[in-house]
Amino acid sequence: MVNILQSLSKTIHLSLILSIVLFLGLFFGGGDWAFDRLFWSWLFRYFHVAAGIMWIGLLWYFNFVQVPNMSKITDEQKPAITKVIAPSALFWFRWAALVTVITGLIVAYLNYLSNNSDNAQIIEYGKSHEGRKLVMLTVSSSSNLNNIGEIQRIHLKYTNPENKDKIDNNLPIIINLGYGVHGNEPSSSEAAMLTAYTMVASESNKIKKFRDKSIIFIDPTINPDGRDRHSQWANQYKSINLVSDENDAEHNESWPRGRTNHYWFDLNRDWLLGINPESENKLKWFHSWYPNVVTDFHEMGTNSTYFFEPMKPNASLKPLIPDENYSVLSPIFAKYYSKALDSIGSFYYTKESFDETYPGYGSSYPDVQGAIAILFEQGSSRGHLQETNYGTISFGFTIRNQYLSSIATVEAAVDNKNLLRDYQKRFFSSSVTEFSSDKTKAYEFGDLYDMNRNKAFIDKLILHNIKVYRNKEKFIVPVKQQQSRMVKNFFETYDKYVDSVFYDASAWSVSNLSLIHISEPTRQEAISYAVFCL
C-alpha cells in the first residue's frame, strides 16, 4: 500500500478503481441500475468535484507556493520551474477549470430537470386585482408538450365552421380543470393540488394513458384574492382542538367573506361580462384553446351532500346550448362520477338543482363554446370540521370527493375523446346555419356622441371573439359567424321561460346593460363589411 501511495500514477488508478467499485456496489446492491437522470447526475457531480479539487488545489499552489517562493530560487534552478513545472501545472489548471465549469453546468441542468417534470409546464395568464398570479399548469406526456403548438393549431382548426378536414382521432383531447372561483369554497383548490400531483408524478399505466391521450390544463385558483381572505379567517379562528359546532366563529365569516374577489364581485357571474382581470384573462386564455371539457368545482350548504351534472333542464324557452350536451354527454360523464364516489361510499345526487340558463357561469359559458362544462357542488365544512344533520364533515372529506371527481373527469374525457371532438366540430359547423331561418341577419349599433361607450361595448364583443364590422358611423355584428350563439346572448332579450322557478340570473342582455341602441340594418346586402380595429 505504501508503494502505491508513493506513486502518483498508481494512486490515481487506485482512486478510479475504488470509485467504480463503490458505484457498482451502490447501484447493483440497491437494485436501481439504470442509465437514467440519477445516474448521469451522480457521474457528472463526481467529475465536477474531482476537477474542482484539482482546480482549487493548483490555484493555491500558484498563489501560495510557487509565486511567493520564486524569489528564493537560484537563477540556475528557475528554468526547471518556468519550463517544466509551471507549464504542466498551468495545463492541468486550465483544463480542471474548464471541466469544473462544464460539469457544474450539466449538474445544474440535470437538477433543473429533476425539479421540473417533463410532464408539466406552468404559465401565468394574468394577475388578480391584488396582484396575485393567475396560473395554469399544463399536464401531458413530454412528447405532447414538446409538440403543443402544433396540437393547438390542429385543435383550433376544428373550431372553424368552414373547415371540412376529417378529424384526427389521434389528437389529444383538451381538458380544463377549473377550481376555486369562489374563494371560501376551498376544497376545490386543495383537490387541484392533489390532482396535479397525481397527473404529473404517477407512473401507473392508467395515468400514463391520460397523459398520452389528453392535454390537461389545471387552473388551481381562479379567485386567489378571495381564497386568501377566507384562508386567513379559517386559520385565524381555528382551534388546536377542532371545534365542529356550527356556531363557532371559524364557520361564520364576517363580511365581505371570501366568496368574491377584491371588489366583492362574484367571478362565477363574470364569464359573460368580463369586467374583472381574473375573468378577462381567463377568457383570453379560453379562446386561445377552446377546451373540449371544462370543470367548475364549488361548495354548497353544509347539510347538502354532493352534486354533479346533469342539472335541471335549461329554463330558456329556446336554449342556445344543444340538447345533446344535456341528454347525451352529461349522462356519460355522470356514470364515471357515480362509480368513483360509490367506491368510497359518498352520497350524491343529480338533476334536482342548478341549471345553465345564464351563459355567464363557469359551468355554462363553455357549453356555448362547443365544450361540455360540468358543475360540481360539495357540501362544505366551512372550516376544518363541522357538524351536519347526518354526522360530522371534515375538510379532508370534502377534498377527497372533489379529487375523485377530477380524476373521473379526465378518465371520461379520454375514454370518449372521439365523441367529444366530433361534438365540438359539429357545434361550430352549425353556428353559421343555426339561425339561418331567423329574420334578423345582423345587429347594428353605435352612439354618435359617445365613442367611449361604443369602444367599451366593442371591447366586450372582441373579448368573446365576436366579429365586429364598421359601417360608416355605425357598427355591424352579423349573426352568421363562429360566435353566433354569443351574438344572440349579447343582443337578444330573453323574457320567456319554460318555468317561473329556476336557479339564478334571468336577465343578461349586454346590449341593454350597456345602453346601446340596437337596430336591424334595412339593407343587409348593401353593407360594406370593413373590419373594425381598435
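For this particular structure, what's the right way to read the overall build of the chain?
When helices and strands are tallied, the chain shows 16 helices and 14 strands. Relative to its 534 residues, the chain shows a buried fraction of 48%. In the chain, once contacts between residues fewer than 6 apart in sequence are set aside, the share between residues at least 24 apart is 75%. Counting every atom, the chain has about 26800 Å² of accessible surface; 58% of that belongs to carbon and sulfur.

I keep staring at unusual backbone geometry and nothing clicks. Help me out?
In terms of backbone geometry, most residues other than glycine have negative phi values and most peptide bonds are trans. Cis peptide bonds are those with omega within 30 degrees of zero, and the linkage from Trp255 to Pro256 qualifies with 10°. Relative to the elements of secondary structure, Pro256 occurs in the loop between α9 (224-236) and α10 (277-286). Of note, the amide linkage connecting Glu309 to Pro310 takes the cis form, showing an omega dihedral of 15°. For Pro310, the position within the fold is in the loop between β6 (306-308) and α11 (323-342). Of note, the phi angle at Lys351 is positive, near 70°, even though the residue is not glycine. The topology assignment puts Lys351 in the loop between α11 and β7 (372-379). Even without being glycine, Arg382 reaches a positive phi, approximately 45°.

Sorry, what's going on with the pairing of strand β8 (residues 385-388) here?
Each regular strand carries side chains that alternate between the two faces of the sheet. The alternating pattern of β8 places Gln386 and Thr388 on a buried face and Leu385 and Glu387 on a face that is not buried. As defined by bridge partners, β8 adjoins strand β9 (residues 391-394) across four bridges and the pair is classed as antiparallel. Directly across from Gln386, in β9, lies its bridge partner Ile393. Taken together, β8 and the strand that follows it, β9, pair antiparallel across an intervening segment of two residues.

Could you clarify how one ought to interpret the sheet that holds strand β5 (residues 293-300) in this entry?
Sheet strands pair by backbone hydrogen bonding; their relative direction is either parallel or antiparallel. Here seven strands make up an open sheet; going across it, the order is β1-β2-β4-β3-β5-β7-β6 and the pairing mixed. Here the strands that pair on one side only, and so sit at the sheet edges, are β1 (120-127) and β6. On average, adjacent strands in this sheet sit at an angle of 20° to one another, irrespective of strand direction. Sheet topology note: the β5/β7 ladder contains eight bridges and is parallel. What sits directly across from Asp296, in β7, is Leu375. In the packing of α11 onto the sheet, contacts are made with β5, β6 and β7, and the angle to β7 comes to roughly 40°. On the sheet, helix α12 (residues 395-415) packs against β3 (173-178), β4 (214-219), β5, β6 and β7 and is oriented at approximately 165° with respect to β5.

Scoring rules and cut-offs
Residues numbered from 1 in each chain as written. Predicted model: local features only at pLDDT ≥ 70, side-chain atom pairs only at ≥ 80, totals over all residues. Heavy atoms only, no water. Helix = DSSP H or I, 4+ residues; strand = E, 2+ residues; numbered from the N terminus. Buried < 20%, exposed > 50% of the residue type's maximum accessible area, 1.4 Å probe, protein only. Contact = heavy atoms within 4.5 Å. Areas by Shrake-Rupley, 256 points an atom, 1.4 Å probe, with all protein chains shown as cover. Pairing = 2+ DSSP bridges. Axes fitted to C-alpha atoms, helices over the stretch in contact; angles between N-to-C directions.

In short, geometric facts, not functional conclusions.
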